[in-house]
Amino acid sequence: MIQFHVYPGGKKRIVTFSYDDGAPQDERLVELFNKYSVKATFHLNGNNYIGKTEEELEKIGKLYEGHEISCHTLLHGWPTRMPAQSLVGEVMEDRKILEKIAGYPVIGMSYPSGSFNDRVVDILSACGIVYSRTVRSTKYFELPDNFLEWHPSCHHKDAKELAKYFLDSLDSIWTAPLFYIWGHSHELKTEDDWKYMEDLVSVISSNDKIWYATNIDIYNYITAQKNLQISTDEKVFYNPSSLDLWVEKDKKQIIKIPAGQTVRI
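Residues numbered from 1 in each chain as written. Predicted model: local features only at pLDDT ≥ 70, side-chain atom pairs only at ≥ 80, totals over all residues. Heavy atoms only, no water.

(A) Broad picture of a negative patch on the surface. Side chains of E55, E56, E58 and E65 sit close together on the surface and give a patch of like negative charge. In this fold, E56 is placed in helix α2 (residues 54–63). A residue is classified by how much of its surface remains accessible, and E56, at 36% relative accessible area, is partly exposed. (Patch = residues over 30% accessible without salt bridge, like charges linked within 9 Å, V, L, I, M, F, W, Y side chains within 5 Å. Areas by Shrake-Rupley, 256 points an atom, 1.4 Å probe, with all protein chains shown as cover. Salt bridge = Lys/Arg side-chain N within 4 Å of Asp/Glu carboxyl O. Lys, Arg positive; Asp, Glu negative; His and termini not counted. Charge placed at Lys NZ, Arg CZ, Asp CG, Glu CD. Helix = DSSP H or I, 4+ residues; strand = E, 2+ residues; numbered from the N terminus. Buried < 20%, exposed > 50% of the residue type's maximum accessible area, 1.4 Å probe, protein only.)

(B) Inspection of the sheet that holds strand β14 (residues 262–264) at higher detail. Across the sheet, 3 strands lie side by side as β10-β11-β14; this open sheet has antiparallel pairing. The outermost strands of the open sheet, each flanked by one partner alone, are β10 (229–230) and β14. (Pairing = 2+ DSSP bridges.)

(C) Just the nonpolar core, in detail. Core analysis: the biggest nonpolar cluster contains 54 residues, and F17, L29, F33, F42, L124, F179 and M197 have the highest contact counts within it. W150, I216, A224 and V247 belong to the second-largest nonpolar core, a separate cluster that totals 26 residues. (Core = buried A, V, L, I, M, F, W, Y, C linked by side-chain atoms within 4.5 Å.)

(D) Structural context of the pairing of strand β4 (residues 68–71). Taken together, the 4 bridges between strand β3 (residues 40–44) and β4 define a ladder with parallel strand orientation. Its bridge partner lying in β4, H43 is registered against S70. You can see the chain leave β3, run along α2 and come back into β4, and the turn it takes is right-handed. (Right-handed = clockwise from strand over helix to strand, strands pointing away.)

(E) Focus on unusual backbone geometry. Phi is positive for D21, close to 90°, though the residue is something other than glycine. Relative to the helices and strands, D21 resides in the loop between β2 (13–20) and α1 (26–36). By relative accessible area, which is 18% here, D21 ends up buried. Although it is not a glycine, S206 adopts a positive phi angle of roughly 55°. With respect to the helices and strands, the residue S206 is situated in the loop between α6 (191–204) and β9 (210–212).

(F) Geometry of the side chain of N45. Structurally, the position occupied by N45 is in the loop between β3 and α2. Note on N45: relative accessible area 6%, which makes it buried. Within the structure, N45 has its side chain in polar contact with the backbone oxygen of H72 (distance 2.8 Å). Setting aside anything within four residues of it in sequence, one finds N45 in contact with D21, H72, T73, L74, H76 and D94. (Polar contact = N/O pair within 3.5 Å; in protein donor to acceptor, adjacent residues only side chain to side chain. Contact = heavy atoms within 4.5 Å.)

(G) Geometry of the pairing of strand β8 (residues 178–183). Of all 6 residues that make up β8, 6 are buried, and the element is covered over most of its length. Burial of β8 is two-sided: the residues L178, Y180 and W182 facing one way and the residues F179, I181 and G183 facing the other way are all buried. Of the strand pairs in this sheet, β2 and β8 are connected by 6 bridges, and their pairing is parallel. By the bridge assignment, V15 is partnered in β8 with F179. With 2 bridges connecting them, strand β7 (residues 154–155) and β8 associate as parallel partners. Bridged to H155 within β8 is W182.

Rendered as structure tokens:
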């Protein structure tokens with residue numbers, strides 16, 4: 001029996017952070033995340049960067065280095081209230097601006113105001129978006145069935161108790177793998193707010209059983225893992241992707257399949 005619930009380095013738990021709107025407080029939040037070596041995705045509105053100089057755009061790109069820049073639409077409207085042509089424009093223009101800043105394809109998103117439905121999901125897919133986060137906190141740790149309806153575990157203000165449960169359950173075979181925390185940096189208004197945030201990040205960081213990843217890291221890994229080619233006797237594995245992958249066999253053996261290689265056991 002092969003199970004996919006193993007992640008880079010043979011780890012079985014994942015933590016990701018996700019922040020919307022690109023507020024000035026992102027600079028302090030990035031500094032905090034870097035201090036504790038955790039990863040975050042920052043969902044930005046491209047309209048905020050129109051008219052910026054090349055030097056200013058380069059500085060913004062450097063701010064988010066090591067994390068992920070992701071879409072949040074151009075003007076932060078409500079996707080469910082837009083005609084298809086407006087939504088396409090909002091997403092594609094946002095992508096174009098952010099890709100100039102990031103220097104890589106920007107293919108993730110979070111829904112402004114959490115606004116989405118089946119029509120919006122279809123339009124995003126046609127625009128090349130591969131995942132999008134909602135604001136429907138599950139208070140649980142599941143990976144999404146549909147990455148374009150990616151529900152987080154909780155908002156950061158509700159994360160401390162959930163973090164304790166997640167950490168206490170790291171070795172449980174019954175706990176789902178992904179602790180996904182979201183919010184807005186502009187909600188961190190006081191030094192008490194920042195102390196709370198640092199306490200949360202410090203508690204959840206530096207654990208060798210956890211993979212700290214951006215949203216796109218998780219999407220790319222899970223997608224590559226599902227594309228593994230496995231023989232009928234489950235003894236030969238071919239990894240056609242550019243990522244090293246891991247799986248578990250018979251609940252006891254962790255197998256690494258390097259990028260582009262075949263592994264026989």
